[in-house]
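Residue-level listing of the chains:
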Amino acid sequence: MMIEVSNYLLRRPAPQDAEQLVVLKNDKISAYLLGGVHSEYSIDDIMRWIEFHNGRKDELVLVVEDTKCSKLIGHVGLYKIDEVAKKTEYGILIADQDYKGKGVGTLCTRTLTKYAFEELNMHKVTAEVLTENKASVGMFTKCGYKIDGTLRDDVCKNGRYYDVYAMSILKDEFDRM
């Protein structure tokens with residue numbers, strides 16, 4: 001599974017990606033902005049992560065590679081793909097600081113959202129974003145996602161609770177963009 005868009009390749013992670021992924025997934029700035037609890041990942045953890053996600057039938061996880069320099073800069077994914085309800089959850093991590101704020105997240109989000117609607121025949125794509133992650137909220141809004149509501153004190157990190165926006169886009173909304 002590969003999707004080429006601009007100078008980027010979205011593809012399944014492979015064992016040879018483990019060294020680059022361990023650096024990206026251990027980036028403390030990016031981890032702070034994501035939901036969930038961050039822990040230090042080892043190469044073995046990443047190898048298990050690759051095997052786990054590549055083996056799932058209800059997910060599509062792809063690394064984001066800059067084809068100009070063969071460098072991984074993050075990963076994107078469609079999770080909890082529900083063929084009956086026709087919905088899926090989108091997640092993105094652009095962890096290489098040199099690529100933040102340059103439109104890569106927007107490009108990847110539009111590409112995978114389009115894939116969800118056109119190839120997987122989904123009706124709805126959802127995302128969850130920490131309310132204080134203003135850059136991600138702006139990126140999702142730019143891609144047509146709307147805030148459905150706020151999940152209060154939904155994530156606990158380092159003893160502090162964070163609110164999360166539940167966001168989504170419907171197929172007909174995407175088609176009108």
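The notes below deal with the structure included here. (Residues numbered from 1 in each chain as written. Predicted model: local features only at pLDDT ≥ 70, side-chain atom pairs only at ≥ 80, totals over all residues. Heavy atoms only, no water.)

### What about the sheet that holds strand β1 (residues 2–5)?
- Here we have 8 strands laid out as an open sheet, ordered β1-β2-β3-β4-β5-β6-β8-β7, and mixed in their pairing. Unpaired on one side and paired on the other, β1 and β7 (146–157) mark the two borders of the sheet. Recorded for the sheet is a direction-independent mean angle of 25° between the axes of neighbouring strands.
- Two elements, β1 and strand β2 (residues 8–11), share 4 bridges in a ladder whose sense is antiparallel. Bridge pairing links I3 to L10 in β2.
- Most of the contacts of helix α1 (residues 18–25) go to strand β4 (residues 71–82), to which it runs at about 80°, and overall it touches β3 (60–66), β4 and β5 (87–94).
- Each of β5, β6 (124–130), β7 and β8 (160–170) touches helix α5 (residues 134–142); the most contacted strand, β6, lies at about 160° to it. (Pairing = 2+ DSSP bridges. Helix = DSSP H or I, 4+ residues; strand = E, 2+ residues; numbered from the N terminus. Axes fitted to C-alpha atoms, helices over the stretch in contact; angles between N-to-C directions. Contact = heavy atoms within 4.5 Å.)

### Digging into the side chain of H53
- The topology assignment puts H53 in helix α3 (residues 43–54).
- Residue H53 is classed as buried on the basis of its relative accessible area of 9%. (Buried < 20%, exposed > 50% of the residue type's maximum accessible area, 1.4 Å probe, protein only.)

### So, the packing of aromatic side chains
- The tally for this structure, following the rule as stated, stands at 4 aromatic pairs.
- Ring geometry for F140 versus Y145: centroids 4.9 Å apart, planes at 75°, classification edge-to-face. A single burial state applies to F140 and to Y145, both of which are buried.
- Joined through ring pairs, the aromatic side chains of Y90, F140 and Y145 make up one cluster.
- Against the face of Y41 rests K25, its NZ or CZ located 5.3 Å from the ring centre. (Phe/Tyr/Trp six-rings, centres within 6.5 Å; stacked < 30°, edge-to-face > 60°. Lys NZ or Arg CZ within 6 Å of the ring centre and 35° of its normal.)

### Some points on the pattern of salt bridges
- For the coordinates displayed, the defined rule picks out 11 salt bridges.
- One network of salt bridges, in which partners are shared, links R11, D17 and E65. (Salt bridge = Lys/Arg side-chain N within 4 Å of Asp/Glu carboxyl O.)

### Details of the environment of L130
- Tracing the sequence through the fold places L130 in strand β6.
- Classification of L130 by relative accessible area gives buried; the value is 3%.
- Taking the C-alpha atoms as reference, L130 lies 6.8 Å from L33; in sequence the two are 97 residues apart.

### A word on the state of the cysteines
- Considering all chains together, one arrives at 0 disulfides under this definition.
- Sulfur of C69: no disulfide; nearest cysteine sulfur belongs to C108 and is 14 Å away. (Disulfide = S-S within 2.5 Å.)

### A closer look at α1
- Buried residues of α1: A18, L21, V22, L24 and K25, and no others. Axial view of α1: buried residues confined to an arc of 165°, hence all on one face. Relative to its buried face, α1 has exposed residues pointing more than 90 degrees away, namely E19 and V23.
- On its buried side, α1 packs onto α3, β3, β4 and β5. (Arc of directions from axis to C-beta.)

### Quick look at the nonpolar core
- By size, the foremost hydrophobic cluster in this structure holds 35 residues, and its most contacted members are L78, Y90, F140 and Y145.
- For this core, the element with the highest residue contribution is helix α4 (residues 104–118), accounting for 6 residues.
- Non-local contacts of Y145, meaning those with residues more than four positions away in its chain, are made with Y90, T109, T113, V125, T126, A127, F140, M167, S168 and I169.
- Listed in part, the 13 residues of the second largest apolar core include W49, V63, L72 and Y79. (Core = buried A, V, L, I, M, F, W, Y, C linked by side-chain atoms within 4.5 Å.)

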